[in-house]
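Each chain is listed here by its residues.
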Amino acid sequence: MNTEPDRYAVIGNPIAHSRSPEIHQLFADQTGECIRYEKILAEPGGFEAAVRQFFDAGGRGLNVTLPFKGEAFEFAAKCTDLAVHAGAVNTLIAQDDGSCLGANTDGIGLLRDLKKTLRLSIQNKRLLILGAGGATRGILEPLLQEKPLALVIANRTPERGAALVEHFRALGPMQSCALDAIPDGPYDLIVHATSAALQDQELGLPDTLAGPGTCCYDLIYSDTPTPFMRWAKDQRVLQVTDGFGMLLEQAAESFYLWRGKRPDTAMACNYLRPP
Ligand code: NAP
């Protein structure tokens, strides 16, 4: 009988900050699964080789984080519908024939946490998303399925936001703009999905976006308030949260795809981030 744990990992750049190994190990303990979960740092241009090496050595599944979600989509032999529409993959699952299935659990993770943590319904709400990278690609379809009144994508490179609007136009009312030309709010929900803070850069957001009823959600997770969370608090918005809940929920969905078992995310949250 094989008693070696099945191997999983998260791959990205940077990767040192990732909490995915402790989360998945906790999920494994909760569900009685025998896994080993590591971090893999891939250099630019080195993603495919690193992924091949991992799966050739018997790896069963990968989480993929920035900036490789587009490359993971290209790598996967087959993808789930959500991942195909997003053109971005955050979960790779080894198949029996040696190929990989690609999935995207980011949007499911965000929606579950919005409902649990902020108790927020998206229907008929005005949404602003800051950023148009792999994470935004993953969350757009699940957000649009909830029928918001309007959704604005603001991005440093406006062409990337415009391309996303073009791509998802059939799913709901959307527009895009540059970060310095965002239509005035107040928005009901502002989602921060840029990696500016990883380079210690601020977005320089205006005071015209938020009001007392606005909820702000930073996809980045941090034990101390992020620059976006500090901006949101200065705007005296209704609620501000970081992306730790989303991290847990998207991880739980990946775990389910790999192991067929659903971990208890509320218990995991209490354990990993005690109140
Ligand atoms: P990505 O594909 O590399 O995209 C990065 C985005 O950030 C792009 O829109 C980029 O704009 C923008 N950006 C980068 N530097 C900027 C700067 N200095 N000023 C303004 N905009 C800047 O990354 P991603 O995969 O979308 O991830 C985005 C963030 O979400 C990351 O911090 C990631 O950790 C977080 N995330 C969290 C979760 C979770 O579970 N909590 C899940 C997914 C992602 P350009 O198009 O102009 O380059």
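Everything discussed here concerns the structure shown above.
All of the points below concern the structure found in this document.

What counts, and where the lines are drawn
Residues numbered from 1 in each chain as written. Predicted model: local features only at pLDDT ≥ 70, side-chain atom pairs only at ≥ 80, totals over all residues. Heavy atoms only, no water. Helix = DSSP H or I, 4+ residues; strand = E, 2+ residues; numbered from the N terminus. Contact = heavy atoms within 4.5 Å. Buried < 20%, exposed > 50% of the residue type's maximum accessible area, 1.4 Å probe, protein only. Pairing = 2+ DSSP bridges. Right-handed = clockwise from strand over helix to strand, strands pointing away. Near = heavy atom within 4 Å. Polar contact = N/O pair within 3.5 Å; in protein donor to acceptor, adjacent residues only side chain to side chain. Areas by Shrake-Rupley, 256 points an atom, 1.4 Å probe, with all protein chains shown as cover. Nonpolar A, V, L, I, M, F, W, Y, C, P; charged D, E, K, R; others polar.

Focus: the environment of Leu203
When you line up the elements, Leu203 lands in the loop between strand 10 (189–192) and strand 11 (215–218). Taking C-alpha positions, Leu203 is 14 Å from Ile153, a pair spaced 50 residues apart along the chain. Not counting chain neighbours up to four residues away, the residues in contact with Leu203 comprise Leu130, Leu179, His192, Thr194 and Ala196.

Description of the pairing of strand 8 (residues 150–155)
The buried fraction of strand 8 is high, at 5 of 6 residues. Looking at chain direction, strand 7 (residues 126–130) and strand 8 are connected through 5 bridges and run parallel. Counterpart to Leu127 in the pairing with strand 8 is Leu151. Each parallel crossover has a hand, and the one from strand 7 via helix 6 (residues 134–145) to strand 8 is right-handed. The sheet contact formed by strand 8 and strand 9 (residues 174–178) spans 5 bridges and is parallel. When the sheet's bridge partners are listed, Leu151 is paired in strand 9 with Met174.

Observations concerning the site of the ligand
Near the ligand you find 26 residues, and of these Asn155, Thr157, Arg160, Gln201 and Leu219 are the closest. Residue Leu247 places a main-chain N or O atom 3.4 Å away from an oxygen atom belonging to the ligand. Its free accessible area being 930 Å², the ligand has 90% of it covered by the protein chains. Where the shell around the ligand is concerned, the elements lending two or more residues are helix 6 and helix 9 (244–259). Here the shell around the ligand gets 3 residues from one element, more than from any other, and that element is helix 9. Considered class by class, the residues forming the shell around the ligand number 11 nonpolar, 11 polar and 4 charged.

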